[in-house]
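Structural overview for review
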Amino acid sequence: MRVGTLATAIKAFAAQFSSSFLSVAIVAICFTVVACGTREREVDIAAKNGILLMGNGAEPKALDPHLVTGVPENRIISSLMEGLISYHPSNDLEPEPGVAERWEHNADFTVWRFQLRENARWSNGEPVTAGDFVYSWQRILSPALGAEYASMLYVIRNAEAFHQGQINDFSQVGVRALNPRTLEVTLAGPTPYFLNMLKHYSFFPVNPRVVERFGGMTNRQNSWSTAENYVGNGPFRLTQWTTNQVIKVAKSPTYWDAARVRLNEIHFFPIENVRTEETAFLAGRLHLTSTVSPDRIPTFQRENAEQLKIDPYLGLYFFRINVTREPFNDPRVREALNLAIDRRMLVERVTQGGQAPASGIVPPGLQNYPASQQVQFNLQRARQLLAEAGFPGGRGFPRKEILINTSEAHRKIAEAIQAMWRENLGIDVGIYNQEWKVYLDSQSQLNYDLSRAGWIADYAYPMTFLEIFTTGNGNNDTGWSNAQYDALIQQARTASTEPQRMQLMQQAERLLLTELPVIPIYWYTRIYLKDPRVQGWNPTLLDNRPYKYVSISSG
């Protein structure tokens with residue numbers, strides 16, 4: 001899953017506040033608190049009414065689970081939709097029953113059967129059926145839709161062939177409704193981790209009747225997911241979507257587990273500027289921030305220790321390289337750039353949030369998969385490779401640029417790497433930023449030279465980090481293609497034993513780190529501010545939480 005704002009541009013306070021409703025509101029509240037000293041804070045009022053106020057980091061690109069790829073979108077969609085399996089409130093490795101109340105599988109984990117709840121309902125009152133899942137999975141796999149996450153479903157028998165247009169009959173794909181409440185899924189190979197994959201929003205259902213009414217299965221401009229037309233099956237329903245201001249969701253009375261839901265509403269604020277978000281939190285406008293400015297972490301550790309949270313986070317911060325552009329089509333250039341980065345200095349002096357220098361693609365901590373140590377800092381080798389590529393001492397290297405999404409933290413990281421390349425290799429690169437949606441489009445269209453990127457695990461398994469770089473994957477966005485790599489990933493998907501899968505994935509990672517269409521930078525931690533009254537917000541590796549377990553006390 002793509003991760004967006006780590007932190008955003010640190011600019012003049014007044015300039016950042018002048019252009020939005022939220023900014024005006026924050027300024028007004030801050031003024032009232034200072035002037036009068038008696039105004040009740042918005043977080044206190046909201047807590048009394050069971051409303052959680054969250055910073056979302058960015059305006060979501062969309063709220064259609066089949067057309068998004070990012071963390072800002074995931075936070076909201078997870079409140080509105082639910083798959084067969086849900087996230088456990090404290091352990092990402094444990095499956096939590098969702099729409100499916102129970103399930104079973106055969107001996108080699110290739111055939112799964114799910115029994116749906118009789119009381120599972122859409123927010124319009126219609127029952128959620130096995131046929132809804134069949135329609136939804138056909139939709140995301142339909143080539144005409146152009147879903148970037150379609151490859152997540154390649155574990156299903158013939159799903160890849162259907163998505164690639166090699167077969168046209170969806171009945172040949174391994175998913176069928178045995179009856180309205182029973183879904184059977186046949187996989188391409190043994191997949192014991194399938195339940196954890198099903199938590200991801202790419203497997204979420206959409207309401208077929210509503211999708212057809214507002215544009216049809218493969219229409220990317222379908223208006224079913226607007227505030228006026230949205231129909232979900234999650235614990236909350238969409239009530240307001242004011243672009244660049246707020247998205248509000250309210251408790252859904254039709255949700256099968258509505259009695260467990262303790263929050264009445266959640267308000268998501270797309271505040272891209274991290275200083276604005278921090279100010280909103282400190283001024284009593286937010287219960288949770290999406291992130292924290294790296295240079296503010298030491299201050300918060302001293303002055304707001306109870307509110308500052310630094311949690312484990314299964315993710316990789318990296319740079320994509322557009323290998324279709326010269327000189328990045330030369331692997332020697334890519335390796336030279338990789339070897340010339342001092343990652344330890346970067347995490348200790350720039351990011352300052354407990355991140356670990358990335359020595360590979362897949363982060364440490366996954367069972368039976370030791371982290372690679374292939375990525376190292378080696379100036380002598382970097383300079384040698386650059387000279388061999390025709391740029392001794394950086395002479396003759398063309399002017400190139402690093403694309404970042406608007407964020408001061410991303411800029412500081414890019415500036416640090418820019419300085420390392422200038423000092424260590426004698427090359428100079430520029431830096432430019434784009435707003436989140438534009439930035440995503442630039443990557444997907446290969447309209448960049450180098451681009452900062454982040455990937456948070458979609459499920460706790462190495463494959464989630466490796467399969468995105470296969471040929472044609474909607475999240476590849478590098479122009480890199482390697483038949484040997486594709487074959488290793490496909491073999492890993494269908495391997496009969498866990499040791500075989502691990503060995504094949506390790507081979508694939510070694511090849512990826514040899515070719516280097518991406519440059520690993522560091523492995524994430526999750527850093528944010530949280531009001532102590534927010535309960536049920538437990539540290540999790542994937543930072544996904546079932547909102548029905550979250551509450552807020554008014555005291």
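Residues numbered from 1 in each chain as written. Predicted model: local features only at pLDDT ≥ 70, side-chain atom pairs only at ≥ 80, totals over all residues. Heavy atoms only, no water.

Let us look at the packing of aromatic side chains. Using the criterion set out here, one finds 26 aromatic pairs in the structure. Centroid distance F162 to F170: 5.0 Å. Interplanar angle 75 degrees. Geometry classified as edge-to-face. This pair shows no difference in class: F162 is buried, exactly as F170 is. Between F391 and F397, the aromatic rings sit 5.1 Å apart at their centres with planes inclined by 70 degrees, giving edge-to-face as the arrangement. (Phe/Tyr/Trp six-rings, centres within 6.5 Å; stacked < 30°, edge-to-face > 60°. Buried < 20%, exposed > 50% of the residue type's maximum accessible area, 1.4 Å probe, protein only.)

Once that is clear, we can look at helix α12 (residues 343-351). Counting along an α-helix, one turn takes 3.6 residues, and residues three or four places apart therefore face a common direction. Among the residues of α12, R343, L346, V347, V350 and T351 are the ones counted as buried. One face of α12 carries all of its buried residues, which in axial projection span an arc of 110 degrees. Set apart from the buried face of α12 by more than 90 degrees, the exposed residues are E348 and R349. Here the buried face of α12 lies against α10 (297-303), α11 (331-339), β12 (356-357), α14 (408-425) and β16 (518-529). In this structure D342 caps α12, since a side-chain oxygen of it lies 3.4 Å from the backbone nitrogen of R344. Where α12 terminates, the next one or two residues include Q352, which has phi positive at roughly 60 degrees. (Helix = DSSP H or I, 4+ residues; strand = E, 2+ residues; numbered from the N terminus. Arc of directions from axis to C-beta. Contact = heavy atoms within 4.5 Å. Polar contact = N/O pair within 3.5 Å; in protein donor to acceptor, adjacent residues only side chain to side chain.)

Structurally, the position occupied by N473 is in the loop between α16 (463-466) and α17 (483-494). A polar atom in the side chain of N473 sits 3.2 Å from the backbone oxygen of E467. Setting aside its immediate chain neighbours within four residues, N473 contacts E148, S151, E467 and I468.

Counting residues in hydrophobic clusters, the biggest one holds 166 residues, and the most contacted among them are L84, F114, W137, I156, L183 and W421. In terms of nonpolar packing, the next biggest core, distinct from the first, is built from 16 residues, A46, I271, L308 and I527 among them. (Core = buried A, V, L, I, M, F, W, Y, C linked by side-chain atoms within 4.5 Å.)

Our next topic: unusual backbone geometry. Cis rather than trans, the peptide bond between E326 and P327 has omega equal to 0 degrees. As for its placement among the helices and strands, P327 is situated in the loop between β11 (308-321) and α11.

Pairing in this open sheet of four strands is mixed, and the strands run β1-β10-β9-β8 from one edge to the other. Two strands lie at the open edges of the sheet, namely β1 (51-55) and β8 (236-242), each paired on one side alone. Recorded for the sheet is a direction-independent mean angle of 20 degrees between the axes of neighbouring strands. Across five bridges, the pairing between β1 and strand β10 (residues 265-269) is parallel. Note on β10: the bridge partner recorded for G55 is F269. Against the sheet, helix α4 (residues 71-80) contacts β1, β8, β9 (246-251) and β10, and its axis sits at roughly 135 degrees relative to β8. (Pairing = 2+ DSSP bridges. Axes fitted to C-alpha atoms, helices over the stretch in contact; angles between N-to-C directions.)

Below, the discussion takes up the sheet that holds β12. Overall, mixed pairing links the six strands, which are arranged β12-β16-β11-β15-β13-β14 in an open sheet. Looking at strand neighbours, the two that pair on one side only are β12 and β14 (429-434), the edges of this open sheet. Relative to strand β15 (residues 450-456), strand β13 (residues 400-405) runs parallel, the two being bridged by two bridges. Its bridge partner being in β15, L403 is matched across the sheet by S451. Here α14 sits on the sheet in contact with β11, β13, β14, β15 and β16, set at roughly 170 degrees to β14. Helix-sheet contacts for helix α15 (residues 436-444) involve β11, β13, β14 and β15, and the interaxial angle to β15 is about 105 degrees.

A word on the pattern of salt bridges. Evaluated as defined, the whole model comprises 30 salt bridges. One salt bridge connects R102 with E101, and the closest N-O pair in it is separated by 3.1 Å. Among the residues examined, E101 registers a relative accessible area of 31% and is labelled partly exposed. Across the salt bridge formed by R501 and E498, the nearest N and O atoms sit 2.7 Å from each other. One end of the pair, R501, and the other, E498, are both in helix α18 (residues 498-515), three residues apart, so they sit about a helical turn from each other. Here the salt bridges do not stand alone but share partners, grouping R275, E278, D295, R296 and K412 into one network. (Salt bridge = Lys/Arg side-chain N within 4 Å of Asp/Glu carboxyl O.)

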